[in-house]
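Fold and contact review
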Amino acid sequence: GAGVSQSPSNKVTEKGKDVELRCDPISGHTALYWYRQSLGQGLEFLIYFQGNSAPDKSGLPSDRFSAERTGGSVSTLTIQRTQQEDSAVYLCASKLSQGTDQPQHFGDGTRLSIL
Amino acid sequence: AQSVTQLGSHVSVSEGALVLLRCNYSSSVPPYLFWYVQYPNQGLQLLLKYTTGATLVKGINGFEAEFKKSETSFHLTKPSAHMSDAAEYFCAVSRGSSASKIIFGSGTRLSIRP
């Protein structure tokens, strides 16, 4: 079956531009996460969606970052007025439910480069 | 609060040698523990997980890990390294509650020498 799909796989943009990153989770997965992975770093939690509950936005680094999840499926992470420090790989993961014993399934990420 | 510490950002072993990647955690409640592997330009892939029951967990690609509560450790091992094992490995912990997030360690890059 299809895994988590992220698009685009690579994005190069100029400083100050807005970007949108897309995540298609595995069908039926109610939980969805966004992470940021900077060069040589671990995973930095950004935001978490669970069903129709209010998202956990506690990891978003600034108000330039936002995310939405429409219809409980596809999610879009938006970065406004991009800065060079936003350059990183953005990973999306989905999980069958909010149960903490469930593993996350990751997409291959979007590599974002800010010039 | 919970955290995960991976000792050694880079480990290098010879092909055929034992692989040992260290992970220690702190958690105020019984943890669920995971190891993920990340190959270049890919997302993370689950290697194995511990939830309850047997403390020695076997995963894919010949890897296994043992949950040791007394040592708050969940080290990853493989008896004989293969060139294809070269990758980044992440240990992660989630709380045994309805908490939303899992916490990842900073990762260990495994290199295999021919």
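Above this text you will find the structure in question.
Now for a quick tour of the structure. These figures come from a predicted structure and were not determined experimentally.

As a further point, take the overall build of chain A. A count of helices and strands for chain A gives zero helices and ten strands. Secondary structure elements of chain A, listed N to C terminal, follow the sequence β-β-β-β-β-β-β-β-β-β. Whereas a compact globule of 115 residues would reach a radius of gyration of roughly 13 Å, chain A reaches 13 Å, a difference of no more than 12%. Expressed along its principal axes, the backbone C-alpha trace of chain A runs to roughly 40 × 30 × 25 Å. Split into buried and exposed, the 115 residues of chain A put 49% on the buried side. Long-range pairs, those at least 24 residues apart, make up 55% of the contacts in chain A with a sequence separation of at least 6. Surface summary for chain A: the accessible area is close to 5,500 Å², and the carbon and sulfur share equals 43%. In chain A, the 11 positive side-chain charges and the 12 negative ones have mean positions that sit 2 Å from each other.

Residue and element names in this part refer to chain A. In spatial order, the strands read β1-β3-β7-β6; together these four strands make up an open sheet with antiparallel pairing. Two strands bound the open sheet, and with one partner strand each, they are β1 (5-7) and β6 (65-69). Going from strand to strand, the sheet's axes swing by 15 degrees on average, the running direction of each strand aside.

Residues and elements named next belong to chain B. Taking every second residue as pointing to the same face, the buried face of strand β1 (residues 3-7) carries V4 and Q6, while none of S3, T5 and L7 on the other face is buried. By the bridge criterion, five bridges tie β1 to strand β3 (residues 19-26) in an arrangement that is antiparallel. Bridge pairing in β3 places L7 opposite R22.

Across all of its chains, the model carries twelve aromatic pairs over all chains by this definition. Residues Y33(A) and Y48(A) carry aromatic rings whose centres are separated by 4.7 Å and whose planes lie at 40 degrees to one another, so their mutual orientation is tilted. In this pair, Y33(A) sits in strand β4 (residues 31-37) while Y48(A) sits in strand β5 (residues 43-50), placing the two residues 15 residues apart along the sequence. Considering the side-chain rings of F106(A) and Y36(B), the 5.6 Å spacing of their centres and the 80 degrees angle between planes classify their relative orientation as edge-to-face. Of this pair, F106(A) sits in strand β9 (residues 105-106) while Y36(B) is found in strand β4 (residues 31-38), placing the two residues in two different chains.

Before going further, it helps to examine the interface of chain A and chain B. Chain A puts 21 residues into the contact, and the matching count from chain B is 23 residues. Taking both sides of the interface into account, the surface hidden between chain A and chain B amounts to around 1,700 Å²; carbon and sulfur atoms contribute 54%. Connecting chain A to chain B are zero salt bridges. The interface formed by chain A and chain B holds four residue pairs in polar contact (both at pLDDT 80 or more) in total. Among the elements of the structure, β4 and β5 of chain A are those that each provide at least two residues to the side of chain A that touches chain B. Class assignment of the residues belonging to the side of chain A that touches chain B gives a composition of eight nonpolar, nine polar and four charged.

For the rest of this paragraph, the subject is the pairing of strand β10 (residues 110-114) of chain A. Residue and element names in this part refer to chain A. Every second residue of β10 is oriented toward a common face, the buried set being T110, L112 and I114 and the non-buried set R111 and S113. Two elements, strand β2 (residues 10-13) and β10, share four bridges in a ladder whose sense is parallel. From the neighbouring strand, T13 faces β10, where its bridge partner is I114. In the sheet, strand β8 (residues 88-95) pairs with β10 via three bridges, with the strands oriented antiparallel. Along β10, the bridge assignment pairs V89 with R111.

Moving on, we come to the sheet that holds strand β7 (residues 64-68) of chain B. Residues and elements named next belong to chain B. Spatial ordering of the open sheet is given by β1-β3-β8-β7-β6, a layout of five strands whose pairing is antiparallel. The sheet is open, and its two edges are formed by β1 and β6 (56-58), each paired on a single side. Adjacent strand axes in the sheet meet at a mean angle of 20 degrees, parallel and antiparallel pairs treated alike.

Cis geometry is found at the peptide bond from S7(A) to P8(A), where omega equals -10 degrees. With respect to the secondary-structure elements, P8(A) resides in the loop between β1 and β2. With a phi angle near 60 degrees, N41(B) is a residue other than glycine that sits in the positive phi range. Inspection of the secondary structure assignment puts N41(B) in the loop between β4 and β5 (44-50). With phi around 60 degrees, N61(B) is a residue other than glycine that occupies positive phi space. Note on placement: N61(B) falls in the loop between β6 and β7.

Procedures and definitions
- Residues numbered from 1 in each chain as written.
- Chains lettered and ligands numbered in written order.
- Predicted model: local features only at pLDDT ≥ 70, side-chain atom pairs only at ≥ 80, totals over all residues.
- Heavy atoms only, no water.
- Helix = DSSP H or I, 4+ residues; strand = E, 2+ residues; numbered from the N terminus.
- Rg over C-alpha atoms; globule rule 2.2 N^0.38 Å.
- Buried < 20%, exposed > 50% of the residue type's maximum accessible area, 1.4 Å probe, protein only.
- Contact = heavy atoms within 4.5 Å.
- Areas by Shrake-Rupley, 256 points an atom, 1.4 Å probe, with all protein chains shown as cover.
- Lys, Arg positive; Asp, Glu negative; His and termini not counted.
- Charge placed at Lys NZ, Arg CZ, Asp CG, Glu CD.
- Pairing = 2+ DSSP bridges.
- Axes fitted to C-alpha atoms, helices over the stretch in contact; angles between N-to-C directions.
- Phe/Tyr/Trp six-rings, centres within 6.5 Å; stacked < 30°, edge-to-face > 60°.
- Buried area = accessible area lost by both parts, 1.4 Å probe.
- Salt bridge = Lys/Arg side-chain N within 4 Å of Asp/Glu carboxyl O.
- Polar contact = N/O pair within 3.5 Å; in protein donor to acceptor, adjacent residues only side chain to side chain.
- Nonpolar A, V, L, I, M, F, W, Y, C, P; charged D, E, K, R; others polar.

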